Amino acid sequence: MRIVADKGRCEGLGMCEAMADDYFEVDDDDEVVNVLEHSPPEQDRAHVYAAVQACPVLALTLEG
């Protein structure tokens, strides 16, 4: 599984960071999400999936 962020769609709301700050960080300058780790290990996938689903503007997706 790979995390993909659409920075053009991201509004920097930070729901992903609030739910999984070990994988997502909202840049204070650009106000868009940065993915800190693109390929989460198996044990973190449900946690990351929940954070991706929480994005209100659908800027995050999972591939694979």
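What you are looking at is a predicted structure, and each value in this text was computed from that prediction instead of being measured.

Caption draft 1: Looking closely at helix α2 (residues 45–53). All of the buried residues along α2 are V48, A51 and V52. For α2, the buried positions fall inside an angular range of 100° around the axis, keeping them on one side. Exposed and facing more than 90 degrees away from the buried side of α2 are A46 and Q53. Contact partners of the buried residues in α2: β1 (2–5), α1 (15–19), β2 (24–26) and β4 (60–63).

Caption draft 2: Seen up close, the environment of V4. Structurally, the position occupied by V4 is in strand β1. In this structure the C-alpha to C-alpha distance between V4 and E63, which are 59 residues apart in sequence, comes to 7.3 Å. For V4, the residues in contact, after removing those within four places along its chain, are A59, L60, T61 and E63.

Caption draft 3: Broad picture of the state of the cysteines. The final tally for this structure, using the stated rule, is 0 disulfides. With no disulfide of its own, C16 has C55 as its nearest cysteine by sulfur position, at a separation of 6.4 Å. For C16, a relative accessible area of 7% puts it in the buried group.

Definitions and cut-offs
Residues numbered from 1 in each chain as written. Predicted model: local features only at pLDDT ≥ 70, side-chain atom pairs only at ≥ 80, totals over all residues. Heavy atoms only, no water. Buried < 20%, exposed > 50% of the residue type's maximum accessible area, 1.4 Å probe, protein only. Helix = DSSP H or I, 4+ residues; strand = E, 2+ residues; numbered from the N terminus. Arc of directions from axis to C-beta. Contact = heavy atoms within 4.5 Å. Disulfide = S-S within 2.5 Å.

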